[in-house]
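Given next are the chains, with one letter for each unit.
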Amino acid sequence: MAAAGNVSFVISERVAEQWDLELDDLFVAIGHRFGRVELRRRMRDYVRGLLAPVARKNSWQLAEQASHLTPDGLQHLLAGAKWEPDDIRDDLQQYVADKLGEDDGVLIIDDTGFIKKGATSAGVQRQYSGTAGRTENCQIGVFAAYTTAGGRALVDRELYLPKSWTEDRERCRTAKVPDEREFATKGELARHMVLRALASPLPIAWGTADSAYGQESRFRRLLEQSGVGYVLAVPKSQFTVGCPRIEGLFAQAPDEAWETISCGNGAKGPRVYHWAAVRLPAVAEFDRQGEVPHRMRWALARRSINKPDEIAYYLAYAPLEATVRELVQVAGSRWAIEECFQTAKNECGLDQYEVRRYVGWYRHITLAMLAHAFLAATAHQAREKGVEPVRPLGPSSSQWRRFGDSWQLVVPGPRTSADTGADATR
């Protein structure tokens, strides 16, 4: 029923209860990864807290949300308990495949920064953070996201360890970095995640990433060898067949070569640019089956309509039947991972951890990704059922509120001082 003077609608108790049951089903699905009942309960409290309107989602405030007298139990869950976050990651990928998987799914690779003080948190140092747009004292996480028409979710993660860390084994041991963990570039971490995703139940037709990954030939070759199409951003200096720099392919393009195409909707409506595309020569090893071509290569350019000097470039590898408009849509899907980062940080506390050790980072990040995937799945279910944004149902029931493309579960529990603040529900 519509609320007077408000566009929100009341959601039924039955639907809210159904979503509570689905959250319980998710807990049951991963519960066997935690050997003791106390750990399972703490995991449930932790994830429910990540979904709740807690001002800052660290162990202290999550413990208060769960009515724990101290944060010791939740801190032990992250630091000392026996469970493998990689097992939860595998369960997460199965969950996302079941809830959001479609044959034309796109795997997206990108990294994000976590601003940190001090020098003891695993992997922290002064380094460039695209999140901050400058060099900061931070940790860098490399992530994979999965997106379809049904929704998008983070499905894998790796903590980047600079050489200043991997070359100092005593420092690594203090932060509980495994002795076998050696230096790996962000590109190498990305390739590991791609291989895991391709071995998972996720149906993947395409890959996309920004130029930091797209410019690496080994990253592109991995996708080609795996039979996965891609549209990858590359720098303007990228070498391509027929021209030493990709920008040279489009420098003399006639006006009719540029077509106005939307690459997807953004916060302010369709993202419309001028696009130009050039077919590139085939590479027999990857583009033919015997004498029969089955893949084609493209170079694409995206030009700002209002600022025509701003041009971005892409290399694409696609089935023969793929159209330029489809390639543009894949290119535009890369922004989905930015939206995942924003929602997971704002709604699920992805960046609000206070752990310093290596294993603690993986455990918090993985549980935050699980919470975010649950929001993505319930948002998809709500759209399919035509459920509208909701108003509070009362203190005794869980509440679901929609924020843009995501939903937030307001879990019943004790009120904190943050609940009365302006940022309580964000």
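Shown above is the structure to which this text applies.
Counting restarts for each chain: residues are numbered from 1 in the order of the written sequence. Only residues with pLDDT of at least 70 are given local features in this predicted model, and only at 80 or more are side-chain atom pairs given and counted; all residues enter the totals for whole chains, interfaces and linings. Each side-chain value is worked out from all heavy atoms of the structure, with water and hydrogens disregarded.

## Some remarks on the packing of helix α2 (residues 37-51) against helix α15 (residues 358-385)
To describe two helices that pack against each other, one gives the angle between their axes and the distance between the axes. Axis definition: a line fit to C-alpha positions, over the contact stretch in the case of helices; interaxial angles, taken between N-to-C directions, run 0 to 180 degrees. Here a strand is any run of E in DSSP of at least two residues, a helix any run of H or I of at least four, and the numbering for each starts at the N terminus. Their axes nearest at 9 Å, the elements α2 and α15 cross at an angle of 60 degrees. The angle between α2 and α15 falls in the class oblique. Between α2 and α15 the crossing geometry is right-handed. Residues M43, Y46, V47, L50 and L51 of α2 form the contact with α15, whose own contacting residues are H364, L367, A368, L370, A371, F374 and L375. Charged residues are taken to be Asp, Glu, Lys and Arg, nonpolar residues to be Ala, Val, Leu, Ile, Met, Phe, Trp, Tyr, Cys and Pro, and polar residues to be all remaining types, Gly included. Taken together, the residues that form the contact of α2 with α15 break down as 11 nonpolar, one polar and no charged. For classification purposes, an angle smaller than 35 degrees is called roughly parallel, one larger than 145 roughly antiparallel, one from 65 to 115 roughly perpendicular, and anything else oblique. By convention the crossing between two helices is left-handed if the near helix lies anticlockwise of the far one by an angle smaller than a right angle, and right-handed if it lies clockwise. The contact rule is simple, with two residues in contact once any of their heavy atoms fall within 4.5 Å.

## Quick notes on the environment of V47
Looking at the element boundaries, V47 is found in helix α2. Burial classes: relative accessible area under 20% of the type maximum marks a residue as buried, over 50% as exposed, and values in between as partly exposed (1.4 Å probe, protein chains only). Take V47: its relative accessible area is 1%, and that puts it in the buried class. Spatially, the C-alpha atoms of V47 and H364 are 9.6 Å apart, while their sequence positions differ by 317 residues.

## Structural notes on the nonpolar core
The biggest cluster of nonpolar side chains holds 110 residues, and the ones touching the most others in it are V96, I109, F143, L154, F219, W275 and L327. Ranked by residue count, the leading element in this core is α15, at 14 residues. Apart from the residues within four sequence positions on either side, F219 is in contact with I109, A190, R191, V194, A209, Y213 and L232. Note on terminology: a nonpolar core comprises buried Ala, Val, Leu, Ile, Met, Phe, Trp, Tyr and Cys residues joined through side-chain atoms within 4.5 Å. V234, I246, W258 and A301 belong to the second largest nonpolar core, which has 10 residues in total.

## Considerations on the side chain of K345
With respect to the helices and strands, the residue K345 is situated in helix α14 (residues 335-348). When charges are counted, Lys and Arg contribute as positive and Asp and Glu as negative, whereas His and the chain ends are disregarded. By convention in these notes, a salt bridge is any Lys or Arg side-chain nitrogen within 4 Å of a carboxyl oxygen on Asp or Glu. Buried charged residue K345 carries no salt bridge. Nearest counter-charge: D351, at 4.9 Å. K345 has contacts with T112, G113, F114, T131, L350, D351 and Q352, leaving out every residue within four places of it along the chain.

## Some words on unusual backbone geometry
Its identity as a non-glycine residue notwithstanding, S67 has a phi of 65 degrees, on the positive side. The residue S67 is located in the loop between α3 (59-65) and α4 (72-79) in this model. Backbone geometry places K176, a non-glycine residue, at a positive phi of 65 degrees. Here K176 shows up in the loop between α7 (169-174) and α8 (186-199).

## Focus: the packing of aromatic side chains
By convention, a stacked pair of Phe, Tyr or Trp rings (six-membered ring in the case of Trp) has centres within 6.5 Å and planes under 30 degrees apart, an edge-to-face pair has planes over 60 apart, and any other such pair is tilted. Tallied over the full model, the rule gives 15 aromatic pairs. Between Y160 and F183, the aromatic rings sit 6.2 Å apart at their centres with planes inclined by 70 degrees, giving edge-to-face as the arrangement. Note that Y160 is positioned in strand β4 (residues 151-160) and F183 in the loop between α7 and α8, a separation of 23 residues in sequence. Taking 6.3 Å as the distance between ring centres and 50 degrees as the angle between the ring planes, the aromatic pair formed by Y213 and F219 counts as tilted. The exposure class of F219 is buried, given its relative accessible area of 3%. One aromatic cluster in this structure is built from F114, F143, F341, Y353, Y358, W361 and Y362. Distance and angle both matter: a charge sits over a ring if NZ of Lys or CZ of Arg is within 6 Å of the ring centre and within 35 degrees of the ring normal. One Lys or Arg, R279, reaches over the ring of W298 and ends 5.7 Å from the middle of that ring.

## Regarding the environment of P178
Along the polypeptide, P178 turns up in the loop between α7 and α8. Residues P178 and Y358, 180 residues apart in the sequence, show an inter-C-alpha distance of 8.4 Å. Apart from the residues within four sequence positions on either side, P178 is in contact with R169 and Y358.

## Considering the packing of α14 against α15
One can describe the packing of α14 onto α15 by two numbers: an axis separation of 10 Å at closest approach and a directional angle of 105 degrees. With respect to their mutual orientation, α14 and α15 come out roughly perpendicular. Between α14, through C340, T343, A344, E347 and C348, and α15, the contact on the second element is made entirely by A368, A371, H372 and L375. Per-class residue counts for the contact of α14 with α15 are six nonpolar, two polar and one charged.

## Description of the side chain of D91
Note that D91 resides in helix α5 (residues 85-100). D91 gets classed as buried once you look at its relative accessible area, which sits at 16%. If sequence neighbours within four positions are ignored, D91 has contacts with A29, I30, H32 and R33.

## As for a negative patch on the surface
A patch consists of residues exposed above 30% relative accessible area that lack any salt bridge, with like charges linked at up to 9 Å and nonpolar side chains (Val, Leu, Ile, Met, Phe, Trp, Tyr) linked at up to 5 Å. Surface accessibility in these figures is a Shrake-Rupley result with a 1.4 Å probe; residues are shielded only by whichever protein chains are displayed. Lysine's charge is taken at NZ, arginine's at CZ, aspartate's at CG and glutamate's at CD. Together, D103, D104, E321 and E326 make up a negatively charged patch on the protein surface. Relative to the helices and strands, D103 is located in the loop between α5 and β1 (106-115). Taking the relative accessible area as the measure of exposure, D103 reaches 68% and is therefore exposed.

## Side note on helix α10 (residues 217-225)
Three- or four-residue spacings in an α-helix give side chains the same orientation, since the helix completes a turn every 3.6 residues. Within the span of α10, buried status applies to F219, R220, L222, L223 and E224. Looking one or two places after α10, you find G227, whose phi comes out positive at around 75 degrees.

## Comments concerning the environment of R356
Summarising the element assignment, R356 is placed in the loop between α14 and α15. Separated by 236 residues in the primary sequence, R356 and T120 have C-alpha atoms spaced 6.6 Å apart. Discounting residues that sit within four places of it in the chain, R356 has contacts with T120, S121 and A122.

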